[in-house]
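# Reading the structure
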Amino acid sequence: MTTSTPFFGTTFHVVTFGCQMNKHDSERISGMLEGLGSLPVNSIPEADIVIYMTCCVREAADVRLYGQVASLKNVPLRKESPLTKRIVAVGGCIGQRDGEKLIQKLPHLDVVFGTHNLVSLPSLLGEAIADCGHHVEVLDSANSFPTELPTSREHAWAAWLPITIGCNNFCTYCIVPYVRGREKSRAMDDIVSEARSYVAAGVKEITLLGQNVNSYGRDLYGEPRFADVLDAIDATGIERLRFATSHPKDLTDEVIGKFATLRSLMPALHLPAQSGSDKILEAMNRRYTSAHYLELVRKLRKAVPDIALSTDIIVGFPGETEDDFQQTYDLVKQVGYHQVFTFIYSKREGTPAASIPDDTPREVIQDRFDRLVDLVQHQAFERNQADAGRTVPVLVEGASRRDARLLVGKSPKNQTVHAPIPQGTSAESLAGSIQNVRVDQAKTWYLSGQVVR
Ligand code: 5AD
Ligand code: SF4
């Protein structure tokens, strides 16, 4: 069957930048290429076909992509390759944004595709293999939700399940709505049948994905129905359920209540605050106040006192004063997060914030950033102390990359947990199982303990 495809005997490698949605798209790409007879490999020198799934949310990822693709010119094709030259493709958000321009800047690039046409990738690559020419396809929007593509999952026991694509929120700093398009919700039946197939295949954890999962269904039913999705997925019998990302303006009491009532919903929530200053939140077009955000936190903790909260914070948004920053610092302090992803504002051409003048010196912003990081680390350490001495069920991922004698896995609160591999077992045999670990030590970024059997 596979011998007739231009991919027979080839190898491929996917390099992924950015968010979980990109990681999931990369799994779909791997699934399609494996189905066509190409073999996944772990490094670029071994790969006949290299695909970059790109991110343009911040400038650093942009610069890195251009640098990496440029340096590929110097990596020779493996001797056994059936191809005459390595095929290089760039997709995802930079592909969508830059299209043809990428080929002008990087002439050895063969294929460019956007965020709406993953399904076209095999034919674009096939054409490039056949004629060694450039093939670019970037569509303005998705015709339908790409549900039928196969996936090759990184872990057999964990699956990402997209429920929406795109975003309608237009936060003023953010490029995502321009490169991912308008929000589209997937049909509930589709979502549930994919979840059921995962449960039947032994998957233990499903993470529902969307730029703003809380507005799921607004385009289909005229009102958000995310709480219904949670009910339906819980009813499939999945062991662990998570979701990302939530927008505070759309997080309803009903969804908060699900944390208390649904068996499978894990006690962890990523709720990006971005800032604690109402002036900056307004300039960001976030459409909530810090008081509203704190009220959500109060309700979440009332529903599940021990819930682990994480957030995203942008430091140095144009016009941010020391007083604005102090309000962000105070909000972070008040909430007491398990984890905070801190970003320095990065100007993205084409977004409204890019035209807001700002003369705050770089050192001032860096100093704010450093102070926030200190607080975040201190808080993460404090939060984790609450679990010292407790026994927590850990979904085992395998052996730790840093120390092969240790298992690594995730607690319900999404903390990384390490424990020595019990005698008579192996990391491979325990991967994908849930083991109880008695926590002896709680550090800033992980817990460690012993498996109790
Ligand atoms: N600059 C810095 N951080 C940004 N993010 C999005 N756009 C920008 C930008 N222009 C951050 C937000 C978002 C996370 C995924 O990335 O905090 O929640
Ligand atoms: Fe970007 Fe805001 Fe949409 Fe998130 S909600 S993807 S930050 S525009």
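So, here's what we can say about the structure. (Residues numbered from 1 in each chain as written. Chains lettered and ligands numbered in written order. Predicted model: local features only at pLDDT ≥ 70, side-chain atom pairs only at ≥ 80, totals over all residues. Heavy atoms only, no water.)

### Comments concerning the packing of helix H9 (residues 226–234) against helix H10 (residues 253–261)
The interhelical angle for the contact between H9 and H10, taken along N-to-C directions, is 25°, at an axis separation of 8 Å. As far as their axial angle goes, H10 and H9 are roughly parallel. Facing Phe226, Ala227, Leu230 and Asp231 of H9, the residues of H10 in contact are Glu254, Val255 and Lys258. Split into classes, the residues belonging to the contact of H9 with H10 amount to four nonpolar, no polar and three charged. (Axes fitted to C-alpha atoms, helices over the stretch in contact; angles between N-to-C directions. Helix = DSSP H or I, 4+ residues; strand = E, 2+ residues; numbered from the N terminus. Parallel < 35°, antiparallel > 145°, perpendicular 65-115°, else oblique. Contact = heavy atoms within 4.5 Å. Nonpolar A, V, L, I, M, F, W, Y, C, P; charged D, E, K, R; others polar.)

### Quick look at the sheet that holds strand E18 (residues 434–442)
Spatially, the five strands close up into a barrel ordered E15-E16-E17-E19-E18, and their pairing is mixed. In this sheet, adjacent strand axes meet at a mean angle of 50° when their direction is disregarded. (Pairing = 2+ DSSP bridges.)

### Concerning the site of ligand 2
As a matter of local geometry, ligand 2 sits amid Cys167, Asn169, Phe170, Cys171, Tyr173, Cys174, Val176, Pro177, Gln211, His247 and Arg286. Classifying every residue of the shell around ligand 2 gives seven nonpolar, three polar and one charged. (Near = heavy atom within 4 Å.)

### Considering unusual backbone geometry
Between Ala244 and Thr245 the backbone carries a cis peptide bond, its omega angle lying at 5°. You will see that Asn285, though not glycine, has its phi angle at about 60°, which is positive. You can see Asn285 is positioned in the loop between helix H11 (278–283) and helix H12 (290–303). Accessibility expressed as a relative area gives 27% for Asn285, which makes it partly exposed. (Buried < 20%, exposed > 50% of the residue type's maximum accessible area, 1.4 Å probe, protein only.)

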